[in-house]
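In case you want the letters, here they are:
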Amino acid sequence: MASLLAALRHNPLLWLLVFVPAVFAVQSVAHDAHTMLFVLSVLAIVPLAALLSHATESVAAKTGDTVGGLLNASLGNLTELVIALTALRSGQYMLVKASIAGAIVTNTLFMLGASFLLGGLKYHTQEFNRVSARLQACLLFLATIALLIPSAVGQADSGASAVFTQKLSLGLSGLLIVSYALGMIFSLKTHRELFAATAHAGEEETPWPVGVALVMLAVVTVVVALVSEVFVESVQKAAEAFGMTPAFVGFIVVALVGGAAEMASAFAGARKNRLDLSVGIALGSASQIALFVAPVLVLLSYVMGPTPMDLRLWPGAVVMMLFATLTASLVTNGGRSAWFVGVLVLMVYLIFAMTLYLLPPAAA
Amino acid sequence: MASLLAALRHNPLLWLLVFVPAVFAVQSVAHDAHTMLFVLSVLAIVPLAALLSHATESVAAKTGDTVGGLLNASLGNLTELVIALTALRSGQYMLVKASIAGAIVTNTLFMLGASFLLGGLKYHTQEFNRVSARLQACLLFLATIALLIPSAVGQADSGASAVFTQKLSLGLSGLLIVSYALGMIFSLKTHRELFAATAHAGEEETPWPVGVALVMLAVVTVVVALVSEVFVESVQKAAEAFGMTPAFVGFIVVALVGGAAEMASAFAGARKNRLDLSVGIALGSASQIALFVAPVLVLLSYVMGPTPMDLRLWPGAVVMMLFATLTASLVTNGGRSAWFVGVLVLMVYLIFAMTLYLLPPAAA
Amino acid sequence: MASLLAALRHNPLLWLLVFVPAVFAVQSVAHDAHTMLFVLSVLAIVPLAALLSHATESVAAKTGDTVGGLLNASLGNLTELVIALTALRSGQYMLVKASIAGAIVTNTLFMLGASFLLGGLKYHTQEFNRVSARLQACLLFLATIALLIPSAVGQADSGASAVFTQKLSLGLSGLLIVSYALGMIFSLKTHRELFAATAHAGEEETPWPVGVALVMLAVVTVVVALVSEVFVESVQKAAEAFGMTPAFVGFIVVALVGGAAEMASAFAGARKNRLDLSVGIALGSASQIALFVAPVLVLLSYVMGPTPMDLRLWPGAVVMMLFATLTASLVTNGGRSAWFVGVLVLMVYLIFAMTLYLLPPAAA
């Protein structure tokens, strides 16, 4: 409890925790207040994500570099995973897919771009480890290819049936998880010296004792799952009320909410001229969702979903993922940044967000 | 007048000015001689563009680096803008769009490739400032994304209506102009040291006195507008006579005519081993058209056109813009050039030109 | 004969030559044993390709660097050319096109990726000449654009007729062959110092006397042609028996069979920490097929085929070629490699192979 209070002082985001009981209170008295429930659940998920991420890092800090890295790598996007699982269980596959693609695009463009911009407003130019950035961009590129091939080949060749897409999605999920596992062996074991800077992401905060951390991890995951249920239930109705398309909600809103905690870390890193950290969090988180969360959701859909889910995205999402990845490759290629690079990356994100916001609901 | 004569001696292109009165003479006696009017107006626009560009640079030279850079940046493609405006006013939106996309592709591929080739035939290898080239390539990439998203998302999702495309085009135009303005602040103010070489593009020619330059700017712009009217009226009929498709005319002919003056500067730079200048003119001009001329035309279409114009291009144009941008990124990435790099870039241009030339008119 | 025996000792692949008589024996007694004939002809082509490649290198070694380089460059993919010509003569254009696209993708991804992986398992990191790799990647990119434009523009614009595609394919073939010829002048004449490492590819094996080499070249080419006939006849039926789609057979099986000899050299280079060699063979072979073999086949189809062949590929093949080229650009850009880079490239290949394997036959 004392450490929770210390955390509250250290991280003002955590004051938002008051919205967690508020969500449940409002839900029990006004089950149909979708818009309010949506807003409250968004506000509640943000601090919960921060707690989850701190708990994961605390456990990781105690278990040595390799196991810790592994933990961080597999639980780092736990919030996104829990939200997506809730949507999966209720059969809202469009929301699941939009939130996966959106999280990749948002991390690659918004988190990276805002880090460049915030860092660049303080420092004239900033340098970062381009070997590591390049590898992350390559991983992301691989995942993009895996996610777009079922759509591209399936669409181009009209004979491609649902059975084909389903089998292909299973196979691709296997390839992605294997790639992700090998990538961890590479970055945590055989070539860890290349990734030195990004390994100590959460170092500056005091870690919790491992017992506290494990309990928090379990408790907060359950709370996130409960709040996610409210969120997933209310999101569609609330979106209509706000005049947002489902594509915009899944792609932009869910992705920003789920990634808020990581964004806070990435932006703080950029302001401290530790751009390695920011680039590592942004691209690392994006490739983790693409190579780990997405295929795990496909596999889990066989157990938990009403029907199996495939990896096939709508064409617009594929185009956006592809350009997000290419943009990240282009701007991280030189290993240097200035404020305008951030503006460029954010502009690409704004183009996508604007397109999704204006898109007529039927088309999404 | 003396300075005009000096300019004539200095720049043999200007002898083509005799075709300016010829255009108006022929038009008054043989209004239907479309092919001849087309050829004469093409020959007349080339020297006028050179005069416009010299007038702009003369004013810019007198007003200090920042204002001068701003002037160059906004009036550097005045010829293209005036031609496009004439086509806009007569409602020929296909020609406007083809000439925008064509100017981007022609500057990126033909001007850049021919500069590499001409420089490479004289020098074994040439170096250029790759930081600046990379930034220009990124700006161009941003603009390409903005121009292809309405086409890509609009096409992929059949529900996308004309209203959606219209609203999106307006929004994207705003984003592009803001990006362009921020890019100028970046390259002229906060990080001008990175762009040192390209800032002094027109230095070697003696600038005109500022009074002469301003008068020339006004007079020549009006003359260009008058000749453009003849050009736009005759281009379709003449194209048929030459067996050219409208796509080929807009994409290739208009772009080469409008950019002739800049090409002369870029090629001269390459022959003097000042490849920084050539790359700066080629990519800078392309990104200026994409980020400034194109959105300005969309906005002006609300005031001057019969109906509002959107940013939606035909799919083939989008594919070509995308590959032009990717080619420019690939070849400028290393900061070195040799003659064969120029050949490669020109070959991509030839592939596009050949495709457009052979394309049956109905398909364009 | 003695040199053949020496070669047998040196290169265990050559023991597979026993399958050459086996193919003809089985064909004369059991003409309908398609599956067996397919397997036997595959096993027979592999050592024949190795002999062809050694014969070419032996002649090249005797004729000086320039002529030798020219010979290597034009006969280096003789096996692929002979197989494709056999398929062309029997009018199987889908197989010809699939084998061209497949050879490009297989060389770019499988040969390059496996070289990185095999080298990386032995050495912590490896360096290679990135100037040369970048040029090869650019050449490949040019070829990809040439091969995808007829498909992209033709498909997007429904008015594009067969006549248009035919004329365009002829024109593009001309451009590609000219680019290839200029590329040879560049790498063998004007800028040969940039390509020093890759020029001496086959140096370590003792070359045959030039007389032996020329006879072998002629004899083995004829034998390859005869075996190819059996292969092309049996491949479709055998594919059905194995449950493979024609796309998979053309893209993956034919490409692996035809490139086996080069793969052996590339992998040996990687294991000896001469990654320059491996990258040169992989990308050089891919760009040779794209810029030389493919257009030569189009031209020859006017003489040898039942009807002229165009360059238009099915959309899935274009997407794969494009991503193979982009992947090669991304990973060779830095000039360094480690085992995981190989894994990434191989994963892209596996994604493609899996998609083609699962694709329903009607769609390919």
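Bear in mind the structure is a predicted one, so any value in this text is a computation, not a measurement.

**Looking at the overall build of chain A**
Part 1: What chain A contains, in helices and strands, is 15 helices and 2 strands.
Part 2: Its C-alpha atoms give chain A a radius of gyration of 20 Å, within 12% of the compact-globule value 21 Å for 364 residues.
Part 3: Dimensions along the principal axes, computed over C-alpha positions, put chain A at roughly 50 × 50 × 35 Å.
Part 4: Scored against the burial criterion, the 364 residues of chain A give a buried share of 61%.
Part 5: Long-range pairs, those at least 24 residues apart, make up 85% of the contacts in chain A with a sequence separation of at least 6.
Part 6: Carbon and sulfur atoms make up 69% of the accessible area of chain A, which totals about 12700 Å².
Part 7: Positive and negative side-chain charges in chain A, numbering 16 and 16 respectively, have mean positions lying 5 Å apart.

**Examining the packing of helix α8 (residues 162-190) of chain B against helix α13 (residues 275-304) of chain B**
Axes are the key here: two packed helices are described by the angle between their axes and the distance separating the axes.
Residue and element names in this part refer to chain B.
Part 1: Packing of α8 against α13 brings their axes to within 8 Å, and their N-to-C directions diverge by 135°. In terms of orientation, α8 lies oblique with respect to α13. Viewed along their axes, α8 and α13 form a crossing whose handedness is left-handed. Between α8, through Gln166, Ser169, Leu170, Ser173, Leu176, Ile177, Ser179 and Tyr180, and α13, the contact on the second element is made entirely by Gln288, Ala290, Leu291, Phe292, Pro295, Val296, Val298, Leu299 and Tyr302.
Part 2: Across the contact of α8 with α13, the residue classes break down as 12 nonpolar, 5 polar and no charged.

**Digging into the relation of the copies chain A and chain C**
Part 1: Least-squares fitting of chain A to chain C yields an RMSD of 0.0 Å, with the superposition described by an axial translation of 0.0 Å and a rotation of 120°. Viewed as a symmetry operation, the transformation between the two copies matches a three-fold axis. The rotation axis passes nearest to the C-alpha of Asn333 of chain A in chain A, at a distance of 5.3 Å.
Part 2: In this assembly, only 5% of the residues forming the interface of chain A have copies in chain C that are likewise at the interface, indicating a heterologous arrangement.

**Examining the pattern of salt bridges**
When the charged atoms of two side chains with opposite charge come close together, those side chains can pair.
Residue and element names in this part refer to chain A.
Part 1: According to the stated counting rule, one finds 9 salt bridges over all chains in the structure shown.
Part 2: Of the charged contacts, one joins Arg89 and Glu229 as a salt bridge, the two residues approaching to 3.9 Å between their closest N and O atoms. Here Glu229 lies in helix α10 (residues 210-242) and Arg89 lies in helix α5 (residues 78-89), a separation of 140 residues in the sequence.
Part 3: Judged by its relative accessible area of 34%, Glu229 falls in the partly exposed class.

**Topic: the side chain of Ser169 of chain A**
All names here are of chain A.
Part 1: Its place among the elements puts Ser169 in helix α8 (residues 162-190).
Part 2: Relative accessible area serves as the criterion here: at 0%, Ser169 is assigned to the buried category.
Part 3: Here the side chain of Ser169 touches Leu311 through a polar contact of 2.9 Å, landing on its backbone nitrogen.

**Here's the deal with the interface of chain A and chain C**
Part 1: At the interface, 37 residues of chain A touch 32 residues of chain C.
Part 2: Summed over both partners, the interface of chain A with chain C comes to about 3000 Å²; 82% of that surface belongs to carbon and sulfur atoms.
Part 3: At the junction of chain A with chain C, the criterion picks out 0 salt bridges.
Part 4: Where chain A touches chain C, the interface holds 3 residue pairs in polar contact (both at pLDDT 80 or more).
Part 5: At the level of elements, α7 (130-156), α8 and α14 (315-332) of chain A are the ones that each hand at least two residues to the side of chain A that touches chain C.
Part 6: Ranked by residue count, the leading element in the side of chain A that touches chain C is α7 of chain A, at 15 residues.

**Regarding the interface of chain B and chain C**
Part 1: On the side of chain C, 37 residues touch chain B, which itself brings 32 residues to the contact.
Part 2: Approximately 3000 Å² of surface area, both sides summed, lies buried where chain B meets chain C, with 82% of it carried by carbon and sulfur atoms.
Part 3: Inspection of the region where chain B meets chain C yields 0 salt bridges.
Part 4: Linking chain B with chain C are 3 residue pairs in polar contact (both at pLDDT 80 or more).
Part 5: For the side of chain B that touches chain C, the secondary structure elements donating two or more residues are α14 (315-332) and α15 (339-358) of chain B.
Part 6: In terms of residue count, α15 of chain B provides more of the side of chain B that touches chain C than any other element does, 12 residues in total.

**Some thoughts on the nonpolar core**
One broad rule of soluble globular proteins: the nonpolar side chains tend to lie buried together.
Part 1: Ranked by size, the top nonpolar core spans 419 residues in total, and within it Leu297 and Phe352 of chain A, Leu297 and Phe352 of chain B together with Leu297 and Phe352 of chain C carry the most contacts.
Part 2: When residues no more than four places from it in sequence are discounted, the contact partners of Leu297 of chain C are Leu81, Ala84, Leu85, Leu88, Val96, Ile100 and Met309 of chain C.

**What about the state of the cysteines?**
Part 1: The tally for this structure, following the rule as stated, stands at 0 disulfides over all chains.
Part 2: Of the cysteine sulfurs around Cys138 of chain B, a residue in no disulfide, the closest is that of Cys138 of chain C, at 16 Å.
Part 3: A residue is classified by how much of its surface remains accessible, and Cys138 of chain B, at 11% relative accessible area, is buried.

**Things to note about the packing of aromatic side chains**
Part 1: Summed over the entire model, instances satisfying the criterion amount to 33 aromatic pairs over all chains.
Part 2: On the numbers, 5.5 Å between centres and 85° between planes, the contact of Trp339 of chain B with Phe186 of chain C is edge-to-face. Of this pair, Trp339 of chain B sits in helix α15 while Phe186 of chain C sits in helix α8 (residues 162-190), placing the two residues on different chains. Residues Trp339 of chain B and Phe186 of chain C agree in their burial class; the two are buried.
Part 3: Taken together, the ring pairs connect Phe38, Phe231 and Phe242 of chain A into an aromatic cluster.

**Side note on the environment of Leu75 of chain A**
Residues and elements named next belong to chain A.
Part 1: One can find Leu75 in helix α4 (residues 64-75).
Part 2: On the basis of relative accessible area, Leu75 is assigned to the partly exposed category, the value being 23%.
Part 3: In this structure, the C-alpha to C-alpha distance between Leu75 and Ser132, residues 57 residues apart in sequence, is 21 Å.
Part 4: In this structure, Leu75 is in contact with Thr56, Leu217 and Gln288, ignoring residues within four places of it in sequence.

**As for the confidence of the model for chain A**
All names here are of chain A.
Part 1: Of the residues in chain A, 90% have a pLDDT of 70 or more, and the chain-wide mean is 84.
Part 2: The lowest-confidence element of chain A is helix α9 (residues 196-199), averaging 51 in pLDDT; the highest-confidence one is helix α15 (residues 339-358), averaging 93.
Part 3: Contacts for the low-pLDDT stretch residues 198-202, under 50 throughout, to residues beyond four places or in other chains number 8 contacts.

**Quick look at a nonpolar patch on the surface**
Part 1: Together, Leu170, Leu299, Tyr302, Val303 and Met304 of chain A make up a nonpolar patch on the protein surface, roughly 430 Å² of accessible area in all.
Part 2: No other element matches helix α13 (residues 275-304) of chain A, which puts 4 residues into the nonpolar patch.

Conventions we followed
- Residues numbered from 1 in each chain as written.
- Chains lettered and ligands numbered in written order.
- Predicted model: local features only at pLDDT ≥ 70, side-chain atom pairs only at ≥ 80, totals over all residues.
- Heavy atoms only, no water.
- Helix = DSSP H or I, 4+ residues; strand = E, 2+ residues; numbered from the N terminus.
- Rg over C-alpha atoms; globule rule 2.2 N^0.38 Å.
- Buried < 20%, exposed > 50% of the residue type's maximum accessible area, 1.4 Å probe, protein only.
- Contact = heavy atoms within 4.5 Å.
- Areas by Shrake-Rupley, 256 points an atom, 1.4 Å probe, with all protein chains shown as cover.
- Lys, Arg positive; Asp, Glu negative; His and termini not counted.
- Charge placed at Lys NZ, Arg CZ, Asp CG, Glu CD.
- Axes fitted to C-alpha atoms, helices over the stretch in contact; angles between N-to-C directions.
- Parallel < 35°, antiparallel > 145°, perpendicular 65-115°, else oblique.
- Left-handed = near helix turned anticlockwise from the far one by under 90°.
- Nonpolar A, V, L, I, M, F, W, Y, C, P; charged D, E, K, R; others polar.
- Least-squares fit on C-alpha atoms with pLDDT ≥ 70 in both.
- Salt bridge = Lys/Arg side-chain N within 4 Å of Asp/Glu carboxyl O.
- Polar contact = N/O pair within 3.5 Å; in protein donor to acceptor, adjacent residues only side chain to side chain.
- Buried area = accessible area lost by both parts, 1.4 Å probe.
- Core = buried A, V, L, I, M, F, W, Y, C linked by side-chain atoms within 4.5 Å.
- Disulfide = S-S within 2.5 Å.
- Phe/Tyr/Trp six-rings, centres within 6.5 Å; stacked < 30°, edge-to-face > 60°.
- pLDDT = per-residue confidence, 0-100.
- Patch = residues over 30% accessible without salt bridge, like charges linked within 9 Å, V, L, I, M, F, W, Y side chains within 5 Å.

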